[in-house]
Amino acid sequence: MSTIAAISTPNAVGGIAVIRISGPDALTVAERVFTPANGKPVSAMAGYTCAYGTVRDQAGNPLDDVVLTVFRAPHSYTGEDTAELSCHGGLFLSRQVLRLCFAAGAEPAGPGEFTKRAFLAGKLSLTQAESVMDLISARGDAELRCARSLREGAVFRRIHACTDRLVELLSDLAAWADYPEEDIPSVEPENLCAALTGLQEELSAVAATYDYGRILREGINTVIVGRPNVGKSTLMNRLSGFERSIVTDVAGTTRDVVEESVRLGDLTLRLSDTAGLRDTVDRVEQIGVEIAYRRLEDAELVLAVFDSTSPLQPQDQELMNRIGNRRAVAVCNKSDAGALLDMQEIARHFDYVIPLSAKTGEGMEKLSDALHALFLADAPDPQAGILSNERQKHCVMAALEQLSAAISAVRAGEPLDCVTVLLEDGADVLLELTGERATEAVVGQVFARFCVGK
């Protein structure tokens, strides 16, 4: 296997930059570019030790003072000999050091290649490897807890337990079919169905964790809707923390969709501020209203804004009827200026009715509490294992499909050989999920989203 190198710190100016080298010749490459201050050769350094010294260019001129850290195989992140050069964090300087490593025999690392080598060396399962980018991209405590849980093997253990139970059932079927002359208890269809149903329930519970993980990772598609001048844009600006939408007293100011992602506690809201809902002869505004209704249809969360200083209007009633059973919060804006709104009528349509002033910020904490109750009240325990991406969910759903087919086959009295084939396919996709039996294409798919240097 080749020796690879890359800058593992962000592509930006900082206090230090780290150039990571990994592979059979990692220490040789480091020795060619690094001169220790103590005069001892790099090849003599023990693992988990550091040395201060100088990186010199190809002409022998000092380039920078650096610290070299050595990790000996197999006790390194990749399982290979690894050297890390910590230099000053200038963009030009760090790239010059990296070029020297290439000139000394290293090859450029591909996206995620260090973590990929850790997986291939058995240092990480595939789900643990996927957690690395989740850790890097975590934007809040909940995301970080889920990523840490994945990194610590929670999903692997949960899926592995299901796979073990499935393999055990396959062993019973194989023994009974292959050794009919032996005194092996027959496989009773009723007991087999009960075991498969229990396994199906456990995998269904695992699959149900995906939406929670997706919400934390991708955010919630949120639309702010209401008739003109109820304060939608003011609410958008309050949530965003700056003037993202134009606010005026003129009805119909917002015609196109204004978008912004904001953090609210542990939630990310992918906000869309839309045109005011009303009948209008202005063709441009009509298009804006049509888009607003389409966004309403596609939204995961609706923030329906009403004017507390005004009685309910026909447009308000139409909005409430259109929302139906969607996850929604009624935001009764301008609560600091009056109370003419029929709150009882609104409460008939919404589980959460929040009086607030988008202008002053009063009531925003109650809005945050309502959203957390909507999306996080029944959140699964991250320590139990939460699916973090579409690949993992696809594998679980494929296994569930095979289990469902196997249960139907048993109940229909199909030969147990047919059931065995279905269960083997189910076991294969679970092994693919954990990486215990992953194809090169699957491994490539996992690491394609990684950054270079990790």
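Residues numbered from 1 in each chain as written. Predicted model: local features only at pLDDT ≥ 70, side-chain atom pairs only at ≥ 80, totals over all residues. Heavy atoms only, no water.

(A) Looking closely at the overall build of the protein chain. A count of helices and strands for the protein chain gives 16 helices and 13 strands. What you see for the protein chain is a C-alpha radius of gyration of 29 Å, clearly larger than the 22 Å of a compact globule of 454 residues, by over 25%. A total of 454 residues make up the protein chain; the buried ones form 48% of that total. For the protein chain, restricting intrachain contacts to residue pairs at least 6 apart in sequence, the fraction spanning at least 24 positions comes to 67%. Taken together, the 43 basic and 64 acidic charged side chains of the protein chain have centroids lying 8 Å from each other. (Helix = DSSP H or I, 4+ residues; strand = E, 2+ residues; numbered from the N terminus. Rg over C-alpha atoms; globule rule 2.2 N^0.38 Å. Buried < 20%, exposed > 50% of the residue type's maximum accessible area, 1.4 Å probe, protein only. Contact = heavy atoms within 4.5 Å. Lys, Arg positive; Asp, Glu negative; His and termini not counted. Charge placed at Lys NZ, Arg CZ, Asp CG, Glu CD.)

(B) Looking closely at the sheet that holds strand S12 (residues 328-333). Sheet architecture is open: six strands sit in the order S9-S10-S8-S11-S12-S13, paired in mixed fashion. Looking at the sheet topology across the chains shown, the edges are occupied by strand S9 (258-264) and strand S13 (353-355). Strand-to-strand twist in this sheet, taken as the mean axis angle between neighbours without regard to direction, amounts to 25 degrees. Two strands pair when backbone bridges link them, and strand S11 (residues 301-307) and S12 are joined in this way by six bridges, in the parallel orientation. Following the sheet pairing, Val 302 is matched in S12 by Ala 328. (Pairing = 2+ DSSP bridges. Axes fitted to C-alpha atoms, helices over the stretch in contact; angles between N-to-C directions.)

(C) Spotlight on the pattern of salt bridges. Applying the stated criterion across every chain, the model contains 17 salt bridges. Salt-bridge contacts for Asp 211 lead to Arg 214; the nearest nitrogen and oxygen are separated by 4.0 Å. Remark: Arg 214 and Asp 211 occur in helix H8 (residues 210-218); sequence separation between them is three residues, near one turn of the helix. Sharing partners across several salt bridges, the network here consists of Asp 211, Arg 214, Arg 270 and Glu 300. (Salt bridge = Lys/Arg side-chain N within 4 Å of Asp/Glu carboxyl O.)

(D) Spotlight on the environment of Pro 311. By the element assignment, Pro 311 lies in the loop between S11 and helix H11 (314-323). Among the residues examined, Pro 311 registers a relative accessible area of 44% and is labelled partly exposed. Along the sequence, Pro 311 and Asp 342 sit 31 residues apart, while their C-alpha atoms lie 6.6 Å from each other.

(E) Summary view of the packing of aromatic side chains. A complete count under the given rule lists four aromatic pairs for this structure. Here the aromatic rings of Tyr 48 and Phe 71 are separated by 5.9 Å at their centres, their planes lie at 90 degrees, and the arrangement is edge-to-face. Pair noted here: Tyr 48 is in the loop between strand S3 (34-36) and strand S4 (49-56) and Phe 71 is in strand S5 (residues 62-71), with a separation of 23 residues, a long-range link. Summarising the aromatic geometry, the rings of Phe 306 and Phe 350 are spaced 5.9 Å apart at their centres and angled 75 degrees between planes, so their arrangement reads as edge-to-face. Linking Phe 306 in strand S11 with Phe 350 in the loop between helix H12 (343-349) and S13, this pair joins segments that are 44 residues apart in sequence. Like Phe 306, the residue Phe 350 is buried in the burial classification. The rings of Phe 119, Phe 447 and Phe 450 are connected pair by pair, giving a single aromatic cluster. Of note, Lys 454 hangs over the ring of Tyr 77, and the distance from its end group to the ring centre comes to 4.6 Å. (Phe/Tyr/Trp six-rings, centres within 6.5 Å; stacked < 30°, edge-to-face > 60°. Lys NZ or Arg CZ within 6 Å of the ring centre and 35° of its normal.)

(F) Layout of the state of the cysteines. Tallied over the entire structure, the rule returns zero disulfides. The thiol of Cys 50 is unpaired, and the distance to the nearest cysteine sulfur, on Cys 87, comes to 15 Å. A relative accessible area of 54% places Cys 50 in the exposed class. The thiol of Cys 451 is not disulfide-bonded; the next cysteine sulfur, from Cys 87, is found 17 Å away. (Disulfide = S-S within 2.5 Å.)

(G) Looking closely at unusual backbone geometry. Cis geometry marks the peptide bond from Ala 73 to Pro 74, where omega comes out at 0 degrees. Of note, Pro 74 is situated in the loop between S5 and strand S6 (82-89). The backbone of Tyr 48 sits at a positive phi, close to 60 degrees, despite the residue not being glycine. Residue Tyr 48 is classed as exposed on the basis of its relative accessible area of 60%.

(H) Looking closely at the environment of Gly 413. Secondary-structure assignment places Gly 413 in the loop between helix H14 (390-411) and helix H15 (416-434). Here Gly 413 falls in the exposed class, since its relative accessible area comes to 59%.

(I) Structural view of the pairing of strand S10 (residues 267-273). Most of S10 is tucked away: six of the seven residues are buried. In terms of strand pairing, strand S8 (residues 220-225) meets S10 through five bridges, oriented parallel. From the neighbouring strand, Val 223 faces S10, where its bridge partner is Ser 272. Strand direction decides the pairing type here: S9 and S10, joined by seven bridges, are antiparallel. When the sheet's bridge partners are listed, Arg 263 is paired in S10 with Thr 268. Joining the antiparallel neighbours S9 and S10 is a turn of two residues, in which Gly 265 adopts a positive phi near 65 degrees.

(J) Region of the structure containing the side chain of Glu 143. The topology assignment puts Glu 143 in helix H5 (residues 141-151). Not counting the four nearest positions on each side in its chain, Glu 143 is found in contact with Ser 137, Ala 138, Leu 216, Arg 217 and Arg 263.

(K) Inspection of the nonpolar core at higher detail. Membership of the largest hydrophobic core comes to 34 residues, with the highest contact counts inside it found for Leu 196, Leu 203, Val 396 and Leu 423. Counting residues per element, the ones that place at least two in this core are helix H6 (154-178), helix H7 (189-207), H14 and H15. At 10 residues, the largest contribution of residues to this core is made by H14. If we skip the residues at most four places from it in the chain, Leu 423 touches Leu 166, Leu 170, Leu 173, Leu 196, Leu 403 and Ala 406. If you look at the next biggest cluster of nonpolar residues, it comprises 33 residues, including Ala 142, Leu 269, Met 364 and Leu 376. (Core = buried A, V, L, I, M, F, W, Y, C linked by side-chain atoms within 4.5 Å.)

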